[in-house]
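Observations on the model geometry
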Amino acid sequence: MLISPRPFGQVLGEAMYGLAKVWKTLLLPALAVSVPMSLLTAGVFLWTGGAAFLDLVLDNPAAFRTLPEEVFRDLAQSFYLAVGLAFLVQVLGGVFLAMASHRAVAAQLNGVSLTGREVTAVALRRYPVALGATLVITVVTGLLVGLGATLWLLPMLSVGVPNMGAMLVALLLFVVLLGPGSWVAVSVSMTTPTVALEGTGVLASIRRSIGLVRGRWWATAGFLLLVGLLGGIAIQLIQLIALPLAAAGGNDAALTVASALGVFTQGLLVAAITAMYTHWYVDLRARREPLTTADLG
């Protein structure tokens, strides 16, 4: 069946409707990834000492404010190391979930129902390429952000004491430097569905994503932000459910219930968001070339 370009609202509606058809398929890969990710993240903070920094900030702020400079520096370095390693863990898991979600949605659009084991097997085959492309994107984006942050701070740091002029220049630089990073992030957002559904390589998938988004950058940015907002709302709703259920059991019960719900839903939410992105990828591709459901595999 030929796929035609659709209005923004229709794509969003079909993405939400399609999610209801594939969420059961995504349960297995989501749980298979979210549990190890949660354990690894906790282990990273314990191993690096980053957990000690958080304990001081959250549980003993008075002692935190009186820390000697050298102790503070050591704790802060451990915390930043933990954050960096935890981010890497999230990337490793998130890329796999994205690949599984793209394949599940593509199969559903083609009228084929895959099991969780089947989408997991397909995701694993294309995972190394998707991970390589994601790491390239992360490095480039990180360099842009680091450069932007450095240039953004220069006007205020150069005058010693921040004044209105320095703040205005910094604000202008912030807007100017935010542009390239935002453009890159949105332009390469279709990289993983390209890898999953077209079988392209690392650099070819990035170029393909940029080509698909070109001319639809603002619409793509809006779709990504809206889907991200829906995911944030879902997280808040989960917290509203967890807290009343745990309130009767005291703090330990609250922590246990909240942690269990967090582990259970983290992977599923990531899979759901990337599944919705797949529908946008399909629409972008349909605007560039004749596309049928069979072409999606």
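Residue indices follow the written sequence of each chain, beginning from 1 at its first position. For this predicted model, a pLDDT threshold of at least 70 governs which residues receive local features, and a threshold of 80 or more governs which side-chain atom pairs are given and counted, while totals over whole chains, interfaces and linings are taken from all residues. Only heavy atoms go into the side-chain values, all of them from the structure, while hydrogens and water stay out.

1. Observations regarding the overall build of the protein chain
A count of helical and extended segments in the protein chain gives 10 helices and 0 strands. When the helices and strands of the protein chain are listed from N to C terminus, the series reads α-α-α-α-α-α-α-α-α-α. Within the protein chain, contacts between residues at least 6 apart in sequence are counted, and of these 79% link residues at least 24 apart. Looking at the protein chain as shown, the accessible area adds up to about 16000 Å², and 73% of this sits on carbon and sulfur atoms. Numbering of helices and strands starts at the N terminus; helices are DSSP runs of H or I of at least 4 residues and strands are runs of E of at least 2. By definition, residues are in contact when any of their heavy atoms lie within 4.5 Å. Reported accessibility uses the Shrake-Rupley method at a 1.4 Å probe radius. Residues are deemed covered only where the shown protein chains occlude them.

2. Overview of the packing of aromatic side chains
Two rings from Phe, Tyr or Trp (for Trp, the six-membered ring) form a pair when their centres sit within 6.5 Å of each other. Planes less than 30 degrees apart are called stacked, planes more than 60 degrees apart edge-to-face, and all others tilted. If you walk through the whole model with that rule in mind, you get 7 aromatic pairs. Considering the side-chain rings of F8 and F223, the 5.9 Å spacing of their centres and the 75° angle between planes classify their relative orientation as edge-to-face. Highlighted residues: F8 in helix α1 (residues 8-48) and F223 in helix α9 (residues 217-247), separated in sequence by 215 residues. Each residue is placed in one exposure class: buried if its accessible area under a 1.4 Å probe, protein chains only, is under 20% of its type's maximum, exposed if it is over 50%, and partly exposed if it falls in between. When its relative accessible area of 1% is taken as the criterion, F223 is described as buried.

3. Some points on a nonpolar patch on the surface
Here a patch means residues that are over 30% exposed by relative accessible area and free of salt bridges, tied together within 9 Å if like-charged and within 5 Å if nonpolar (Val, Leu, Ile, Met, Phe, Trp, Tyr). Whenever Lys or Arg places a side-chain nitrogen within 4 Å of a carboxyl oxygen from Asp or Glu, that contact is recorded as a salt bridge. On the surface, L54, V57 and L58 cluster together into a nonpolar patch covering about 250 Å² of accessible area. Within the secondary structure, V57 is located in helix α2 (residues 50-59).

4. Examining the confidence of the model for the protein chain
Scored from 0 to 100, pLDDT reflects the predictor's confidence in each residue. The predicted model of the protein chain averages 80 in pLDDT, with 77% of residues at 70 or higher. Helix α6 (residues 164-187) is the least confidently modelled element of the protein chain, averaging 69 in pLDDT, while helix α8 (residues 202-213) averages 95, the highest of any element. For residues 245-255, every residue scores under 50 in pLDDT, and the model assigns this stretch 3 contacts once sequence neighbours within four places are set aside.

5. Some points on the packing of helix α7 (residues 191-198) against α8
When two helices pack together, their arrangement is captured by the angle between the axes and the distance separating the axes. Each axis is a line fitted through C-alpha atoms, and for a helix only the stretch in contact is used; angles between axes span 0 to 180 degrees, taken between their N-to-C directions. Running from N to C, α7 and α8 cross one another at 115°; their axes reach a closest spacing of 8 Å. In terms of their interaxial angle, α7 and α8 are classed as roughly perpendicular. The handedness of the crossing between α7 and α8 comes out as right-handed. Of the residues in α8, those touching α7 at T191, T194, V195 and E198 are S205, I206, R208, S209 and L212. Think of it as three bins: nonpolar holds Ala, Val, Leu, Ile, Met, Phe, Trp, Tyr, Cys and Pro, charged holds Asp, Glu, Lys and Arg, and polar takes everything else, Gly as well. Residues that form the contact of α7 with α8 fall into these classes: 3 nonpolar, 4 polar and 2 charged. An angle below 35 degrees is treated as roughly parallel, one above 145 as roughly antiparallel, one from 65 to 115 as roughly perpendicular, and anything else as oblique. Should the near helix be turned anticlockwise from the far one by less than a right angle, the crossing is termed left-handed; should it be turned clockwise, right-handed.

6. Let's talk about α1
Multiplying 1.5 Å by the residue count of a helix minus one yields the expected span of that helix. Across its 41 residues, α1 extends only 45 Å between first and last C-alpha, which sits more than 12% below the 60 Å expected from 1.5 Å per residue. Looking one or two residues past α1, G49 carries a phi angle of roughly 90°, positive in sign.

7. As for the nonpolar core
Buried Ala, Val, Leu, Ile, Met, Phe, Trp, Tyr and Cys residues that are joined via side-chain atoms within 4.5 Å together make up what is termed a nonpolar core. Counting 52 residues, the largest nonpolar core has V95, M99, M190, F223, W280 and L296 as its most contacted members. For this core, the secondary structure elements donating two or more residues are α1, α4 (69-109), α5 (116-158), α7, α8, α9 and α10 (250-288). Ranked by residues supplied to this core, first place goes to α4 with 11 residues. Counting 10 residues, the second-largest nonpolar core is a separate cluster that includes F45, A51, L56 and F79.

8. A closer look at the environment of L31
Secondary-structure assignment places L31 in helix α1. Overall, the relative accessible area of 34% leaves L31 in the partly exposed class.

9. A look at the packing of α1 against α4
Where α1 meets α4, the closest approach of the two axes is 9 Å, and the angle between their N-to-C directions is 165°. Put simply, α1 runs roughly antiparallel to α4. When the axes of α1 and α4 are compared, the crossing they make is right-handed. Per-class residue counts for the contact of α1 with α4 are 22 nonpolar, 10 polar and 1 charged.

10. Quick notes on the pattern of salt bridges
A full pass over the atoms with the stated rule returns 6 salt bridges. Between R208 and E289 there is a salt bridge; the shortest N-O distance is 3.1 Å. Of this pair, R208 sits in helix α8 while E289 sits in the segment after α10; the two residues are 81 residues apart in sequence, bridging distant segments of the chain. A salt bridge links D283 to R287; the shortest N-O distance between them is 2.8 Å. Note that D283 and R287 are positioned in helix α10 at a spacing of 4 residues, about one turn of the helix. What makes D283 buried here is its relative accessible area of 0%. Residue classification places R287 among the partly exposed residues on the basis of a relative accessible area of 35%. Salt bridges sharing partners connect three or more residues here, namely R6, E14, D283 and R287.

11. Section: the side chain of T293
Relative to the helices and strands, T293 is located in the segment after α10. Judged by relative accessible area, T293 falls into the buried class, the value being 8%. Not counting chain neighbours up to four residues away, the residues in contact with T293 comprise M1, I3, L109 and N110.

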